[in-house]
Structures are given as C-alpha cells and as structure tokens.
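# Understanding the architecture of this molecule
Single-letter residue listing:
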Amino acid sequence: MDAELQELQRLFEQAQEAKPSVRLSDRNVVELVSKLQELHLLDADLLHTVSGKEYITQERLKEEIEGEVCRLGRVSLVDLAATLGVELIHCERQAQQIVGNNTDLSLVQGEILAATYWDSVAEEINETLQEAGQISVGELARQFNVGAELLTGVLGSRLGTLIQGKLEGGQLYTPTFVARIRAMVRGAVRALIIPTPLSTLWMSLQNQLREGDDGGGVGGVTGDGGLFQTILNQLIADGEVTGSLRGGNAMWTPAVFVVAQRESVEAFFSQNGYITYDALRKLTVPQPKQYLQAKYVDGIPLETVFVHSSIVSQLDAAAEEAIATNTWFDALPLLPPSFGISDVAKLVSLCPSVQRALKEGVAVILAETCMLSNTLIRSIIEKFENQARELAQKKSVIIANVTKDAEDHSGTPPVGTELDADDGGDTTQGKNARRKKGSHGVGANKPMLETDLVSGKGGKGKKRGPKNKHAISGLAGELGISAPKSTKTSLSSKGGIAASEDDDIFSHEDLAAKILEWYPDMDTAGTGDEGILVRTLAERLRPIVVSAWLDAKHAIFSAQAEERRRRVDSLQLKIDEVYANFQLFAKALDLFLGEKSTEVILHRHLLRTTGAEIADLFLTAQAMEQKLEEGGDAETAQDSSESLSTSQRLSLAKSLPGKNLSTKAVEMVESLEGKSVDAFDNALEAVVKESGLRLKKLDKKAERALLFAYRKGLASQVEDETDPVALLPKVVALLFVQVHSRALQAPGRAMAAAVTRLKGAVPEESFTTLVEYHSMTVQLLSLQAAANPEEEECTSDRALTKREVLESRMPKLKALVLSSSPAAAISFDNEKQ
Amino acid sequence: MEGWDVNTKSTVAKIPLLTTRAGPRDGELWTQRRKEEFMALIKYMEMNKAKDSDWFRIAPNADGTKWKGKCWYVHNLLKYEFDLQFDIPVTYPATAPELELPELDGKTAKMYRGGKICLTIHFKPLWAKNCPRFGIAHALCLGLGPWLAAEVPHLVDTGVIQHKEKQSQSSSGP
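Conventions and cut-offs
Residues numbered from 1 in each chain as written. Chains lettered and ligands numbered in written order. Predicted model: local features only at pLDDT ≥ 70, side-chain atom pairs only at ≥ 80, totals over all residues. Heavy atoms only, no water. Helix = DSSP H or I, 4+ residues; strand = E, 2+ residues; numbered from the N terminus. Buried < 20%, exposed > 50% of the residue type's maximum accessible area, 1.4 Å probe, protein only. Contact = heavy atoms within 4.5 Å. Areas by Shrake-Rupley, 256 points an atom, 1.4 Å probe, with all protein chains shown as cover. pLDDT = per-residue confidence, 0-100. Pairing = 2+ DSSP bridges. Axes fitted to C-alpha atoms, helices over the stretch in contact; angles between N-to-C directions. Phe/Tyr/Trp six-rings, centres within 6.5 Å; stacked < 30°, edge-to-face > 60°. Lys NZ or Arg CZ within 6 Å of the ring centre and 35° of its normal. Buried area = accessible area lost by both parts, 1.4 Å probe. Salt bridge = Lys/Arg side-chain N within 4 Å of Asp/Glu carboxyl O. Nonpolar A, V, L, I, M, F, W, Y, C, P; charged D, E, K, R; others polar. Expected span 1.5 Å × (residues − 1). Arc of directions from axis to C-beta. Parallel < 35°, antiparallel > 145°, perpendicular 65-115°, else oblique. Left-handed = near helix turned anticlockwise from the far one by under 90°. Core = buried A, V, L, I, M, F, W, Y, C linked by side-chain atoms within 4.5 Å. Patch = residues over 30% accessible without salt bridge, like charges linked within 9 Å, V, L, I, M, F, W, Y side chains within 5 Å. Lys, Arg positive; Asp, Glu negative; His and termini not counted. Charge placed at Lys NZ, Arg CZ, Asp CG, Glu CD.

Counting secondary structure elements, chain B contains five helices and four strands. Beginning at the N terminus, the succession of helices and strands in chain B can be written as α-α-β-β-β-β-α-α-α. By residue count, 47% of the 174 residues in chain B fall in the buried class. At a minimum sequence separation of 6, the contacts of chain B that also span at least 24 residues come to 54%. Just so you have it, chain B exposes about 8900 Å², and 54% of that area is on carbon and sulfur atoms.

Shown next as structure tokens:
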C-alpha cells in the first residue's frame, strides 16, 4: 500500500474527526436573544442598529456618544445617529441623559456642544477680532453655524478672558476700536452746533470709518449705530459733550444751540415785546407756543405770534383815546407787520378799554382790527341820512324832468319813450333792450354800465346834463333806470319793485367812496385789501342809509300824493261848481224847446261859455297834474285860467296821458264845437270818469240852493250894474229866475227870444218896459256896430244919447227886478210847494 | 447544472476536480486515483466543517472498492442518522458509484432494490460530462445531499421513519 495513500486516508479520517465550527443563523440568534430576554438574563432595553442586524446596549451607546463628543467637541445628533447606526430617537434620549449628567456639555438645537468647543471657538474669534478690530456676532454665528443669541451668550461669558474686546449691539469690538470710535463720536458731536438727527451723524461717521478701513483692508462696518449711541450716552454721562437727546434719542441738540436759541428768543422778545412762532420755528423750537408759554407766563399766546402784555396796554391806550375823542383807530399800523389779522383782532379784543367799550356799546370793531366809536358812526349815519333825504328830494324832481324830456323827444307814450331813450333811440333794439331791462332791473350794476355806454347820445345826456347837477356821481348813472320805474310805480302803488330798485342806490362802493371823502385817513386802515374798513363800514351802514333813503322817499312821495289829492279835490270842487252851473243853465234851455233858431243859439252859447269853462278847467287841471307827476314844479304849471283856443284844447287833450283819456278828451273838445249840449254833456262825463273824477248830478235841494245863490248874485249884479247894455241880459236872466226858476244864459242874439218868452209871465207894464229897454239896447248896439270912422261923430253922438236914455231907464228896470224878486221868489217857492 | 439548488452548485464548484482516469483494476493508476479521491474528500469535508454542515462519515476498505459509513440529516432540530455504503464499480469513473442506504430499503419510492437511492435525471449526464473529473466527493455532494434534504422531511412527516431518541423514549417510556 502506498504510504502516500495511507497518509491521505489518515488525513481524511482526521478531517472527518475534526470538530466542525458551530454556526448560528441570524434567525437562531434572534431566537436565542429573545430567549435570553425571556429568561431575564439580558437587560430589556436592548437597542437595534439601523440595519437591524446588530444589538446594542444603552451603555455602549452612551459610551460611543461620549467618545464622539470628546473627539469632535461638537456633534450633531443627526450625524451621530448616522455614524453610530442607531435610531435618532435613541441618540437623542441618550444625549439628553449625557448632557444632563455633564455640566460641560450642552444640547443646543440638535447638537451637543462641549465647553471645550466653545473655548476653542472663543479663541478663534479672539484671534480674528484682534486682527479686524470688530466683528459682527451675526457674521460669527453664520461662520460657526450657531444661533447668534447662543453665540452672544457664550461670548458674553468669555469676554475679558478669552476674548479681549467688547460686545455691543451685535458687534464685537476691541478696546482700541472702541476708543477710536469714541474719539470720532466725541469729535463729531462736539463739532455740531445745530440739532442733528443722529442717524445722519452715524451715517457720515460710518462712511469715514469705511474709508479709513479701506487702507487696513478690513471690511467690517459697524451695524446700526448702536455702538455710536452707547458711546454717545457714555460721553453725555461723562460730561465730555454737552447737549441733550430729543425725540426718542433720535436728535442731538447741542447745549450751545439751546443757549443760542434761548438767547435769541429772549433778545427778540424783550426788545420787541412779541415774537412770531415762525421765528421760533426758524430757530427750530418744535412747539413754539408751549415753549413760550412755559418761558413767559405773562405773555399772551396768539395764533401766529406771542406777545408781551405791554403791547396790549399800548393798544389799549390807543383804543381809549379813540373812544374818548369819538374817533376811530386801526390796530394794524400800531403793531408790527408780522402780526396776522386774526392775531390783531384778538389783541384788540383783549384790550380792556375795548372790552369795556364793547360792553357799554360805545364802540364797535370793524374789519377785525379797527375800532370805531359809535358816536363817529352815528355822525356818519347822520350825514348819510341827510344826503339820502336830499337825494330823494332831488331825485323826484329829476325823475319828472326826465320823463318830460323823454316825452318832448317823441310822441310815443311815456313808458316806451323812456326805454327807447335808454338805448339812444335805437328802435330796432328797442324790444331787446326792454327785455334786457326787465331782467336787469333787479341786478345791481349792469344797467349802470349800459347807460354809461349810451350816455353820450340820446336823451340820456340831456337828462343828466343840467337838471341833476347836484346829484352825486354814483347816483347819476342809476337815474336812467330808476326814473321810469318810479313813475310807473308811483302811478300804481309803491310796491316791491321800488324796494329792489333802491338796492342800486347807495351801493357799497358809493358809500365807501363817500366815507373816504369824509375820512380820507380810513383808506389805509384794515389789512389786506385796500380800504377794507371803509367797505365793511359801508356794508354795516348801508341798510341804515338805504332805509333812511326809503323813508325820505316815502315822505316825499306821500307829500306829493297829499298835494295831488288836494289838487284833485279842488279840481273836483271847481268842476262840481261849474258843472252845477252848466246843468242849471242847460235846464233853462228846456224853455226854448221847439224854437229852433233860438235853441241852437242858446246851445252854442252855453257850450262856448260854461261848457268851455268846464273843459278848460278839466284840461288844464289834467295837464298840470301830469306835469306835477313828472316833477315839473307846480308853480309854473299853475298858469292863469284864461280861456283856451280850440287848437290849444285839442293839443292839450291829445297830450293827456293814457290813450282812453286822450281820445275821450279830444272827443269832448270836438263836442264843444258842436251844437248839442247833451252831446257835450256825455263826452264830458266820459272823459271826467276816465280821469278818475266824477260829475255830480244836481239834486233838487242843491239846485235850489244854487239857483238861490245865482239869483242873489244876479240881483246884486243888477243892482251894481252901471252899464245899460250889460244890464239887460242880467235883468232878463233874473227875471227868468224869478219867473221860471231857471237860470238862463242867453247871448245877445237870443235876447229877443228870451224877452218874448217872458211875455205873460211878468206884469204887463214890466214886460213893456223890458221890451222897450231891449229894443233901445238893440238900437244902441246896432248903432255902435254900424259906426265907422267917417261918421264916428254923429253915430257916437246918437249912441250916447241912446245910452243916456237907457241909463235913465236903468233904475226902472232894476226896480222891476229887484222889487219883485223876493216876492217872486217866495211866490215861486209857494208855487212849488 | 440545473436541477440543483444554488448552495449545492456553489459547493460542488469548490470541490477540487480529479484528473486520473482509472478504475479499481488499473493497478498503479487506481492508487493515483484514490489519492486524488482522498484529497477531494478532505477538501469537501473541511468545507462542510467550516460551514457547520458536516453530514457524513465514510471509510474505504483496503483496496478502496467498498466504502462504508454514516450520513445524517437535521430536521426540526432532530438528527436522523442512516448507514451509508457503496461500491466502486469496475467501470469507474465512467460509471458513478451507486449510494446505498440499507436502513431505508423499501421505505421510499425514491430507491432501488437493495437501498440504492434514485438520483435525478440530471445526475447521469452531468457525471458523464465531467468524467473523470468528478469523484466520490462530487457524487456525495450532488447525489446523496439533495436526496436526504428532499426525502428525510417527507419520510419523517409521513411517519415512515422515527427519531431514534423518540423510538427509545417511546419504547422505554411507559
């Protein structure tokens, strides 16, 4: 047998006999471990690794963590979990225990940090700090990847030991750096002489620092000026700089500035007695009013200015003087120009004498700053009232003249004429003008302008020219407007239109101008606008003046109306009287009814005499009335009552105001030329009615009285009559009265008929006497009429003789009438009754 | 090499291959062959011991034609041990040795008459292909190992075989 083979066989047997290595599967191990735990042979808090293939005990974990911390000084738990291959939560739990047991360690934001680590960090920081002079904690925190607060806390405990420097507002500084900054701040702050916001100061300092650092190559810039602020506070505390911080430590106010400010304020105030807030603001006093009030207790704070009480007393003296002398004063010129109006007004109201005067009502304050004595105002008002009265007087005259002028210019009715005259006779625009006028009537100044434009031509110039010489210039312009209206309104009644028209009179401007005329020094009074005092005064006075003017106008108007009424009354009276006669005489005409020729003669006669008298009376009265209304003076219109010619009457009638009145008057005048008394009577009645008067019909009683008076008068006339020719008609008339109780007006031609009419009514012998007398008179008259130059001698002789005969018979004739008259009258009366 | 599990395959690959083509009648060459067989078996045994999967003991007769020993299998923490014997055929190594478990003769269908185990259909071609490189160690690894792993649990479950301790317990117990 081969040895080698045997050897191999032996080796094989050996291999077979060799003990096999025991191997446990994971599963078996897990089971074993669980079995061990079951049997309490192992601690229950056995941990698995992340892979799940390993068991680890708490002690082992702790050991490993501690080892890591010792090695690194700073371990993140997350990293720890990864390196140890253990669940993070176990690491955390263990780390907490470790940190809890070891005071040198700290667990911050998932990291375990050892004190030694901080020491090394601090050393590192110190090195950097010494190089740079300053480091931002934030930057460091970023660099070391820790929280700034944590780092600040850590650094705080090591300042002065490991770190040679100073921590200030998130910045680390070396003492040298701090000293440098301190020097800079001190220099800058000492150099400041006006209040400066600290932020700008810090900004410039930082710029400087940055420039300085450029050389050193250190880019660090101080953060938010916190260091500056602290250093400044230290400097202030140390007394190295003087001044104060204001506005929440944002503003540095140097003491030197405060002193200068106070001194300048004091100087100005003590010199001038006042100081404006603006001035204080220029000196950057933030709240001037409070500042001054605190400083000067006796001062008076106004809106824009602060005044010393001495200014008030100064004003007070002026006010007292003004009140005492019944004049006025303006506070404005007495005060410096920097005073505002409201301030001046307030000052004025503060003056004790002014207050007293206001309380007692002896003065008023106008235009805010001016004080006027009431006496002064009263005197002005008086002046204006006088003027108003004067003006009203003048105006009424002017108005009338204007109307008359206008009438003279054109034949159209008055109202239209005036308007046309306004536009200078421009008829095409007449209508427009009228409408315009209507709308402008109430407005103030426009019409005035218009009239000014046309004043060069037309009736305007004339109107204004000679007649209103004395009217004040302001009024003159308005007359064109007010005149037509006042005629219109005065015809009806004085209504609202008149009032509005009066608004234009005494406008503020006029009043102001007038006041200025009287008190020229008032012009500059008041503030701002020129003449504000005068204007306000005018405003104040205007209602009074206007009412005075209205009163004056009313008074004048009522006086005119009174006069007119009186005139109308007298006219009525006269017309009544004459018309009564007329009626009386017209009645007598009835006796001659039927005697054609005589009737005509009698009618005509009556119309010529009594009718004409009435017509004249009426026409002249109307004309005069019209003139008066138009402002003509009554004296000139009151012309003598001599009888008018037919053409005169006609023109008068045509010129009467009012179309109806005019045409009726013309009718009347025409009927006067006719033969019928009745026609005239009707026409007369119509026209008289139109004119607003009335005709009184005779009643019996009045007729009798009238007749009696007539007879009485006639009788006395007869008695006194010396002219034989004139005697006859009177005797006949008297006889007619006695016999027929009718008043006969008979012309010479109708005398014969009248005499024959008496036949049978009077005793025979009386009749014959009458007839004889009549025939003789006729002869005499015919002789006189026939007398011509050649035969003058003889006819006059014959006439004379005839006349003597007649005269000789006169007593007889007179006796005929006079003797029988009472008896006849009585008998007539009896007869009547 | 399909038909075997990964473990078996890797193990087989690690057993050293033989080179000598010689049977029991080849005299000197057979000795050479036997040497190689022993080297392979030693290696395989070492590997098994290292892997804690020692599962057989064998020893040859003088001329190395008959081998006897034991093999065992652990199932449910119980070790089932069987006698193992096989002859080296004359045509060896062309013919693989027929492994015998005489104890289990007649107890399972995967067995020829006389206790020779039935191998998978893959065994023979693989053996033929690897002649003369495969030896006794390979035959055990590829043949008996898988057979035991497949059959013993089945036989235990069906109750055909019983653990010896239990047998003794059940016999000596009551």
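In terms of regular secondary structure, chain A is built from 37 helices and 17 strands. In chain A, which comprises 833 residues, the proportion classed as buried is 43%. Summarising the internal contacts of chain A: among those between residues at least 6 apart in sequence, 65% fall at separations of at least 24. Surface summary for chain A: the accessible area is close to 43300 Å², and the carbon and sulfur share equals 54%.

All names here are of chain A. For chain A, per-residue confidence averages 70 on the pLDDT scale, and 73% of positions sit at 70 or higher. Least confident of the elements in chain A is helix α23 (residues 458–464), whose mean pLDDT is 39; most confident is helix α1 (residues 3–17), at 83. Segment residues 215–220: pLDDT under 50, and five contacts once partners within four positions in sequence are set aside and those in other chains are kept. Per-residue pLDDT stays below 50 along residues 410–502; that stretch engages in 97 contacts with residues further than four places along the chain or on separate chains.

A few words on the sheet that holds strand β3 (residues 74–76) of chain A. Residue and element names in this part refer to chain A. As summarised here, the arrangement of the three strands in space is β3-β5-β4, forming an open sheet in which the pairing is antiparallel. Every other strand in the sheet has two partners, leaving β3 and β4 (105–108) as the edge strands with one partner each. The mean inter-strand angle of the sheet, taken between neighbouring strand axes irrespective of direction, is 20°. Inspection of the sheet shows β3 paired to strand β5 (residues 111–114) by three bridges, in the antiparallel sense. Across the sheet, the residue bridging to Ser76 is Glu111, located in β5.

Take the packing of aromatic side chains next. A full pass over the atoms with the stated rule returns 10 aromatic pairs over all chains. Summarising the aromatic geometry, the rings of A:Phe12 and B:Phe38 are spaced 6.0 Å apart at their centres and angled 55° between planes, so their arrangement reads as tilted. Of this pair, A:Phe12 sits in helix α1 while B:Phe38 sits in helix α2 (residues 28–50), which puts the two residues in different chains. The pair formed by A:Phe12 and B:Phe38 is uniform in burial state, with each residue classed as buried. Its guanidinium or amino end placed over the ring of B:Trp72, B:Lys79 lies 4.2 Å from that ring's centre, counting from NZ or CZ.

Right, let's talk about the interface of chain B and chain A for a bit. On the side of chain A, 17 residues touch chain B, which itself brings 18 residues to the contact. Summed over both sides, the interface of chain B with chain A buries roughly 1600 Å², with 64% coming from carbon and sulfur. At the boundary of chain B with chain A, the tally comes to one salt bridge. With a closest N to O distance of 2.6 Å, B:Lys35 and A:Glu4 form a salt bridge. Every element with two or more residues in the side of chain B that touches chain A is listed here: α2 and β1 (56–60) of chain B. With 10 residues, the top contributor of residues to the side of chain B that touches chain A is α2(B). A class-by-class count of the residues in the side of chain B that touches chain A yields 10 nonpolar, one polar and seven charged.

Residues and elements named next belong to chain A. Pairing of strand β10 (residues 243–246) with strand β11 (residues 251–254), which is carried by four bridges, proceeds in the antiparallel orientation. Across the sheet, the residue bridging to Leu245 is Trp252, located in β11. Between β10 and β11, which pair antiparallel one after the other, the connecting turn spans four residues, and Gly247 there sits at a positive phi close to 60°.

Residues and elements named next belong to chain A. Over its 16 residues, helix α15 (residues 309–324) runs 22 Å from end to end, which matches the ideal 22 Å to within 8%, given 1.5 Å per residue. Every buried residue of α15 is listed here: Ile311, Val312, Leu315, Asp316, Ala318, Ala319, Ala322 and Ile323. For α15, the buried positions fall inside an angular range of 165° around the axis, keeping them on one side. The exposed set on the far side of α15, more than 90 degrees from its buried face, consists of Glu321 and Ala324. In the segment just after α15, Asn326 is the residue with positive phi, at about 55°.

Another aspect to go through is the packing of helix α30 (residues 646–655) of chain A against helix α31 (residues 659–673) of chain A. Residues and elements named next belong to chain A. Packing of α30 against α31 leaves a shortest axis separation of 7 Å and a crossing angle of 165°. Relative to α31, α30 is oriented roughly antiparallel. The two elements α30 and α31 cross, and the hand of that crossing is right-handed. Every residue of α31 that contacts α30 at Thr646, Arg649, Leu650, Ala653 and Lys654 is listed here: Ser662, Ala665, Val666, Val669, Leu672 and Glu673. Taken together, the residues that form the contact of α30 with α31 break down as six nonpolar, two polar and three charged.

A word on the nonpolar core. A:Phe618, A:Leu619, A:Met668, A:Phe680, A:Leu684, A:Val687 and A:Val732 are the most contacted members of the largest nonpolar core, which has 67 residues in total. Judged by nonpolar contacts, the second largest core, of 49 residues, contains B:Leu18, B:Phe38, B:Leu41 and B:Leu148.

As a further point, take the sheet that holds strand β9 (residues 196–197) of chain A. All names here are of chain A. Pairing within the open sheet is antiparallel, and its three strands lie in the order β9-β11-β10. Here the strands that pair on one side only, and so sit at the sheet edges, are β9 and β10. Note that β9 and β11 share two bridges and pair antiparallel. For Pro197, the partnering residue across the bridge sits in β11 and is Met251. Across the sheet, helix α12 (residues 255–272) touches β10 and β11, and the angle it forms with β11 is around 65°.

Residues and elements named next belong to chain A. Turning to helix α7 (residues 137–144), its buried residues number three or more, namely Val137, Leu140, Ala141 and Phe144. Along the axis of α7, the buried residues cluster in a sector spanning 100°; they form a single face. Residues Arg142 and Gln143 are exposed on α7 and point more than 90 degrees away from its buried face. Two residues or fewer after α7 comes Asn145, characterised by a positive phi angle close to 60°.

Once that is clear, we can look at the packing of α1(A) against α2(B). Two numbers describe how α1(A) lies on α2(B): the axes approach to 9 Å, and their chain directions differ by 15°. Looking at the two axes, α1(A) sits roughly parallel to α2(B). For the crossing formed where α1(A) meets α2(B), the hand is left-handed. Residues A:Glu4, A:Leu5, A:Leu8, A:Gln9, A:Leu11, A:Phe12, A:Ala15, A:Gln16 and A:Glu17 of α1(A) form the contact with α2(B), whose own contacting residues are B:Thr31, B:Arg34, B:Lys35, B:Phe38, B:Met39, B:Leu41, B:Ile42, B:Met45 and B:Lys49. Looking at the contact of α1(A) with α2(B) residue by residue, the class counts come to 10 nonpolar, three polar and five charged.

Residue and element names in this part refer to chain A. Position of Arg182 among the secondary structure elements: in helix α9 (residues 175–191). Judged by its relative accessible area of 18%, Arg182 falls in the buried class. Setting aside its immediate chain neighbours within four residues, Arg182 contacts Ile231, Gln234, Leu235, Asp238 and Glu240.

In this section: the pattern of salt bridges. The tally for this structure, following the rule as stated, stands at 13 salt bridges over all chains. Here A:Arg60 and A:Glu64 are joined by a salt bridge, their closest N and O atoms 3.0 Å apart. Pair noted here: A:Arg60 and A:Glu64 are both in helix α3 (residues 58–72), with a separation of four residues, about one helical turn. Under the relative-accessibility criterion, A:Glu64 is labelled partly exposed at 23%. A network of salt bridges, in which partner residues are shared, links B:Lys49, B:Asp54 and B:Arg57.

We now examine a negative patch on the surface. A grouping of A:Asp45, A:Glu59, A:Glu63 and A:Glu66 is seen on the molecular surface, where their side chains present a negatively charged patch. Mapped onto the elements of the fold, A:Glu59 is located in helix α3.

Further remarks concern a nonpolar patch on the surface. All names here are of chain A. A cluster of nonpolar residues, Leu36, Leu39, Leu41 and Leu42, forms a patch on the protein surface that exposes about 350 Å² of accessible area. You can see Leu36 is positioned in helix α2 (residues 26–38). With a relative accessible area of 32%, Leu36 lands in the partly exposed category.

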